[in-house]
Amino acid sequence: MTQQTAIGAKAAKSNWREHTLGYFFLAPSLILFIMFLFYPMLRSVYLSMTLTDPRGRVAEFVWFDNFIDLFSSSQFYSNLKVTLLFILFTVPTCIIWSLLLAALTHNKLKGMKIFQFVFSIPIVLSVGTGSIIWFLLFHPTAGMLNYFLSFVGVDNIKWLADPNWALPSISMMTIWMNMGFMYIVLLSGLQGVPDELYESAKIDGAGPARTFVQIVLPLLSPTIFFVLIVSVISAFQAFGQIHILTKGGPMNLTNVVVYSIYQDAFINFRFGSGSAQALVLFLIILALTIFQFKVLEKKVHYQ
């Protein structure tokens, strides 16, 4: 019994050392998560139930009044509609366009590396830099877009000031910005498809289009699913390009939920309303992500 007790005590001591060492290595990550994720989230929950004075200090605890006011506001639903339209414009278009470019440059022909480099360039640019580039392109008189359109007889378009063109213009810029990341991921997925499958399909008489649709796309579905999840979350969080190019205008037609949160919290110092919108946006993103995993993942074919 004494020997078994000693062995048990030694094993317990060894496990304690392993756990201590594990928590020691996890400590930096845990500290960062607590400081920049868990604490801000709990603070947002608290602020969402308060009213703040013009200096941003808590003046009154109002429980769920901010949420009631939010869901009673037509502006919130308008901002949510703009956000969903922005996602509809950007996510499917960017995925399809990036997939097309990846499929066209996937072959090993001479010079394809140059095209792969060019199509990947947007990933190295910040949102601020990309927004300035497109701001110059969108300029109604000196912009290159209107200059080229003038050759086909199209009058100058006020891209960012016209209510009919503001959101599509922001979406166009966002598609270009996200194209680099999606292109690289989808190209990597295509390169993971074995060459033997292409050869077998060619022997069976399948053309390039049929091979791509019936063989390559099912094998690429996990990559497409990953890109879809990431791009939807990213589109919900779009802020920089809207702040630089339109500031939510004209007539709030590019005022997405995130920009509304910024205006309420950091311009009007209504931290309670801003925090309430942030929590609602978090729940919407969480619900959509769960929906995608529960429903769309059934269409994914894992090898």
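Just so it is clear, the structure is predicted and the values come from calculations on it, not from any experiment. (Residues numbered from 1 in each chain as written. Predicted model: local features only at pLDDT ≥ 70, side-chain atom pairs only at ≥ 80, totals over all residues. Heavy atoms only, no water.)

Peer 1: Help me out: how do you make sense of the overall build of the chain in this one?
Peer 2: Along its length, the chain carries 12 helices and 2 strands. Ordered by position in the sequence, the α and β elements of the chain form the string α-β-β-α-α-α-α-α-α-α-α-α-α-α. For a compact globule of 303 residues, the expected C-alpha radius of gyration is about 19 Å, and the chain comes in at 26 Å, more than 25% above that figure. Oriented by its inertia axes, the alpha-carbon framework of the chain measures out at about 90 × 70 × 30 Å. (Helix = DSSP H or I, 4+ residues; strand = E, 2+ residues; numbered from the N terminus. Rg over C-alpha atoms; globule rule 2.2 N^0.38 Å.)

Peer 1: Would you take a moment to explain the pairing of strand β2 (residues 58-61) for this structure?
Peer 2: Strand residues, when the strand is regular, have side chains that alternate between the two faces of the sheet. Judged from the 3 bridges that link them, strand β1 (residues 50-52) and β2 form a sheet pairing that is antiparallel. Counterpart to Thr 50 in the pairing with β2 is Phe 61. The antiparallel hairpin formed by β1 and β2 contains 5 residues in its connecting segment, where Gly 56 sits at a positive phi of about 85°. (Pairing = 2+ DSSP bridges.)

Peer 1: Would you mind going over the environment of Arg 270 with me for this structure?
Peer 2: Mapped onto the fold, Arg 270 is located in the loop between α11 (257-267) and α12 (271-294). Separated by 214 residues in sequence, Arg 270 and Gly 56 have C-alpha atoms that sit 6.8 Å apart.

Peer 1: Sorry, what's going on with unusual backbone geometry here?
Peer 2: Trans peptide bonds make up most of the peptide bonds, and negative phi angles are found at most residues other than glycine. Going from Gly 249 to Pro 250, the amide bond is cis rather than trans, its omega being -5°. Tracing the backbone shows Pro 250 in the loop between α10 (240-245) and α11. For Trp 63, which is not glycine, the phi dihedral falls at a positive 55°. Looking at where Trp 63 falls in the secondary structure, it is placed in the loop between β2 and α2 (65-72). Residue Trp 63 is classed as exposed on the basis of its relative accessible area, which comes to 54%. (Buried < 20%, exposed > 50% of the residue type's maximum accessible area, 1.4 Å probe, protein only.)

Peer 1: How should the pattern of salt bridges be read in this particular structure?
Peer 2: Where charged atoms from two side chains of opposite charge come close, those side chains can pair. Taken as a whole and judged by the stated rule, the model has 2 salt bridges. One salt bridge connects Arg 57 with Asp 53, and the closest N-O pair in it is separated by 3.2 Å. The residue Arg 270 makes a salt bridge to Asp 264 at a minimum N-O spacing of 3.6 Å. Judged by relative accessible area, Arg 270 falls into the partly exposed class, the value being 45%. Exposure remark for Asp 264: the relative accessible area of 11% places this residue in the buried category. (Salt bridge = Lys/Arg side-chain N within 4 Å of Asp/Glu carboxyl O.)

Peer 1: Looking at this structure, how should I read the environment of Gly 56?
Peer 2: Along the chain, Gly 56 falls in the loop between β1 and β2. Put simply, Gly 56 and Phe 181 are 125 residues apart on the chain and 38 Å apart in space, counted from C-alpha to C-alpha. Residues in contact with Gly 56, not counting those within four places in the same chain, are Phe 269 and Phe 271. (Contact = heavy atoms within 4.5 Å.)

Peer 1: Would you mind going over the packing of aromatic side chains with me for this structure?
Peer 2: Each pair of aromatic rings is reported with the distance of its centres and the angle of its planes. Taken as a whole and assessed by the stated rule, the structure comprises 24 aromatic pairs. Taking 5.7 Å as the distance between ring centres and 70° as the angle between the ring planes, the aromatic pair formed by Phe 24 and Phe 25 counts as edge-to-face. Classification of Phe 25 as exposed rests on a relative accessible area of 58%. With a centroid separation of 6.2 Å and 85° between ring planes, the pair formed by Phe 266 and Phe 271 is classed as edge-to-face. (Phe/Tyr/Trp six-rings, centres within 6.5 Å; stacked < 30°, edge-to-face > 60°.)

Peer 1: When you look at α2 in this model, what are you seeing that I'm missing?
Peer 2: In an α-helix, one turn spans 3.6 residues, which is why side chains three or four residues apart end up on the same side. For α2, the complete set of buried residues consists of Asn 66, Phe 67 and Leu 70. Each buried residue of α2 sits inside an arc of 95° when the element is viewed along its axis, so together they form one side. The exposed residues of α2 that point more than 90 degrees off its buried face are Ile 68, Asp 69 and Ser 72. (Arc of directions from axis to C-beta.)

Peer 1: Looking at this structure, I do not really get the side chain of Gln 292. What am I missing?
Peer 2: Along the polypeptide, Gln 292 turns up in helix α12. If sequence neighbours within four positions are ignored, Gln 292 has contacts with Phe 225, Leu 228, Ile 229, Val 232 and Glu 297.

Peer 1: What exactly am I supposed to notice about the packing of helix α4 (residues 112-120) against helix α7 (residues 166-191) here?
Peer 2: Helix packing geometry: the angle between the two helix axes and the distance between the axes. Two elements in contact, α4 and α7, have axes separated by 8 Å at closest approach and are oriented at 135°. With respect to α7, the axis of α4 lies oblique. In this structure, α4 uses Phe 115, Gln 116, Phe 119 and Ser 120 to contact α7, whose residues at the interface are Met 179, Gly 180, Tyr 183, Ile 184 and Leu 187. Each residue belonging to the contact of α4 with α7 can be placed in one class, and the counts come to 6 nonpolar, 3 polar and no charged. (Axes fitted to C-alpha atoms, helices over the stretch in contact; angles between N-to-C directions. Parallel < 35°, antiparallel > 145°, perpendicular 65-115°, else oblique. Nonpolar A, V, L, I, M, F, W, Y, C, P; charged D, E, K, R; others polar.)

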